[in-house]
Amino acid sequence: MAFDWLDTALDHKKQDGYLRTRAVVEYEKDGIICINGAHYLNFASNDYLGLRHEEGVLQTWVEGLAQFGGGSGASPLVTGYTQAHQALEAYLAEHLNREAVLLFNSGFAANQAVCQALFGQHNSGDGLIVADKYMHASFIDGALSCNATLKRFRHNDMQHARQVLAKHHEADCLIASEGVFSMDGDSAPLDELIALSQAHNSWLMLDDAHGFGVLGARAMGSAEHYQLSQQQVPLVMGTFGKAVGTAGAFVAGSQALIDYLVNEARHYIYSTAMPPAQALATLYALQHIPGSGRQQQLQDNITTFRQRSEQAGLVLSASASAIQPVMIGDPDQTLALADALKARGIWVGAIRYPTVPKTTDRLRITLSSSHTRRDIEALVDALALAREAVT
Ligand SMILES: *Cc1c(COP(=O)(O)O)cnc(C)c1O
């Protein structure tokens, strides 16, 4: 029988503690989620600034629906590219100090598109991608499915990156890292990466899915916060589904890069453009962030969480971002701990292999500006109790 191995594969996953299932969210507001009829404080969302429910964002979305209809109706190259998309691209290009910007329906698509377009038919075929080991799956899959050789260096290990690069002399080299790493919450050594990429005549690409919206006075992410020019970081990717509270993504860089993607990126050409209303709402959200105090509130919440955890004797990693992993190292224990937290009304992500390396299974706590001090105190108290109960 065709595909009769599906059940066996699932059984194996279950035995090993790696079976994934989904929870249905029935209701969600103000940091509370309702799942299976029970309410939890939500510490497992990437809505770092609480913008998914911001009234102006929603109002703009509704106005966009009235103006442009529900969907875009076509690929951007046919009739799906509207003034709403153009305005968002222009805003991003201006504030990121980039020549041009291109919108994508998701960060997953953008990462794949970048790899496949840059290392596609016009590339001589001996290109190289040198990526941090902890790069997001969407980038790694893209890098594996294009004409480049993919080499990975140990997470944030510049000496290893240097070794990897020293052995190769390909014409085109793309060095890739993340602004804020999605599972560890730490940052890349950007100065060293820039120096390395310039020494090797390469392009540096930054996937800033978790920095964009959170960092920078204008919420433009790591590139703005660390004042990284287009010359230093020729390719910036960011997403709207996390801190910005909507959905979709962008790539920013030279006009030639963007024009080439318009012509060659199959994820762009053969996909219906994002709804114009979504582009309008995204632009509104980006303009709203700077004066809203949300970025500062998030920073305060991170500080509160780390101080409280230290007082409670919890061991945290070095993350200074909204992503605060609590390392467990075993998949079953990670699930048991997440369940013990659920029993105390706290919802956190249980992140296991293969999303993270084996033996680094962890709880992934994400903080938001919409959490109150009491929410965070409740989290730390529950963590301390759950650890005692489970370990
Ligand atoms: C979430 C994420 C993506 C994918 O973005 P989507 O818009 O959710 O598809 C890419 N890279 C990183 C680092 C991410 O965290």
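Residues numbered from 1 in each chain as written. Predicted model: local features only at pLDDT ≥ 70, side-chain atom pairs only at ≥ 80, totals over all residues. Heavy atoms only, no water.

Enquirer: Please clarify how helix 13 (residues 331–343) should be interpreted in this entry.
Expert: Spanning 13 residues, helix 13 covers 18 Å between terminal C-alpha atoms, matching the ideal 18 Å at 1.5 Å per step. When helix 13 is considered as a whole, its buried residues turn out to be Pro331, Thr334, Leu337, Ala338, Ala340 and Leu341. Where helix 13 is buried, its residues contact helix 1 (6–16), strand 12 (346–351), strand 13 (362–366) and helix 14 (373–390). Among the residues of helix 13, the N-terminal cap falls to Asp330, whose side-chain oxygen and the backbone nitrogen of Asp332 are separated by 3.1 Å. (Helix = DSSP H or I, 4+ residues; strand = E, 2+ residues; numbered from the N terminus. Expected span 1.5 Å × (residues − 1). Buried < 20%, exposed > 50% of the residue type's maximum accessible area, 1.4 Å probe, protein only. Contact = heavy atoms within 4.5 Å. Polar contact = N/O pair within 3.5 Å; in protein donor to acceptor, adjacent residues only side chain to side chain.)

Enquirer: Could you clarify how one ought to interpret the sheet that holds strand 12 in this entry?
Expert: In sheet architecture, strand pairing relies on hydrogen bonds along the backbone and comes in two forms, parallel and antiparallel. Strand order across the open sheet formed by 6 strands is 1-2-3-12-13-11, with mixed pairing between neighbours. With partners counted over all chains shown, the strands left at the sheet margins are strand 1 (25–29) and strand 11 (323–327), one partner each. Averaged over all adjacent pairs, the angle separating strand axes in this sheet is 35°, with direction ignored. Looking at chain direction, strand 11 and strand 13 are connected through 5 bridges and run antiparallel. (Pairing = 2+ DSSP bridges. Axes fitted to C-alpha atoms, helices over the stretch in contact; angles between N-to-C directions.)

Enquirer: Sorry if this is basic, but what is going on with the side chain of Gln112 here?
Expert: You can see Gln112 is positioned in helix 4 (residues 107–118). Polar side-chain contacts of Gln112 include one of 3.2 Å to the backbone oxygen of Ser138. Beyond its immediate sequence surroundings of up to four residues, Gln112 is in contact with Ser138, Asp141, Gly142 and His267.

Enquirer: Can you help me understand the pairing of strand 10 (residues 249–253) in this one?
Expert: A regular strand carries its side chains on alternate faces of the sheet. The element strand 10 is extensively covered by neighbouring structure, given that 5 of its 5 residues are classed as buried. The two faces of strand 10 match: Ala249, Val251 and Gly253 on one face and Phe250 and Ala252 on the other face are all buried. The pairing of strand 9 (residues 235–239) with strand 10 spans 4 bridges and is classified as antiparallel. In the sheet register, Thr239 faces strand 10, and the bridge partner there is Ala249.

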